[in-house]
Amino acid sequence: MSENALVPQKIEQYGRHYDDHSLWSKIKSAAANAGRKVIYNVLLLYYMLTDATIPLRHKRLIIGVLGYFILPIDLIPDFIPGTGFADDLLALLYVVKVLHDSITPEIKAKAQAKCNDYFKTDSGQTPLPPDNNR
């Protein structure tokens, strides 16, 4: 993903691909291949999107990056094993970093809890994702 692609206006253009049903379908179908870090950041942004205190300008950016995540064919097609979600992760981390100050402990807790539902370990334990978003 080029640096130019990370300009907020460029990310926002992918918002036309976003809808709740498509997002949850993508999460369910891609969780194993995308990995915990990608899914945690998707959930973090989703719960920010549903929070009434998040400004509309932030929500436009969130909708854009979640739309990018939904697309199966983007800069690096998602079906490529091992690297297919690298561009998605880069875009997600960029938006999380830009919106860092708006992420509340409640939003983090919701994202962690839902992420744990997708990534249960054999022992039944659900380790939390590392909080690299500080």
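Residues numbered from 1 in each chain as written. Predicted model: local features only at pLDDT ≥ 70, side-chain atom pairs only at ≥ 80, totals over all residues. Heavy atoms only, no water.

1. A look at the packing of aromatic side chains
- Considering all chains together, one arrives at four aromatic pairs under this definition.
- Look at Y14 and Y68: their rings are 4.8 Å apart centre to centre, the planes differ by 80 degrees, and that puts the pair in the edge-to-face class. With Y14 in the loop between helix 1 (8-12) and helix 2 (20-34) and Y68 in helix 4 (residues 56-70), the pair connects residues that are 54 residues apart, well separated along the chain.
- A residue is classified by how much of its surface remains accessible, and Y14, at 23% relative accessible area, is partly exposed.
- Judged by centre distance (5.0 Å) and plane angle (80 degrees), the ring pair of W24 and Y46 falls under edge-to-face. With W24 in helix 2 and Y46 in helix 3 (residues 36-49), the pair connects residues that are 22 residues apart, well separated along the chain.
- Residue class for W24 comes out buried when judged on its relative accessible area of 19%.
- You can call Y46 buried: its relative accessible area is 13%.
- Members of the aromatic cluster, connected to one another through ring pairs, are W24, Y46 and Y47.
- K26 extends its terminal NZ or CZ atom over the ring of F69, reaching a point 5.5 Å from the ring centre. (Phe/Tyr/Trp six-rings, centres within 6.5 Å; stacked < 30°, edge-to-face > 60°. Helix = DSSP H or I, 4+ residues; strand = E, 2+ residues; numbered from the N terminus. Buried < 20%, exposed > 50% of the residue type's maximum accessible area, 1.4 Å probe, protein only. Lys NZ or Arg CZ within 6 Å of the ring centre and 35° of its normal.)

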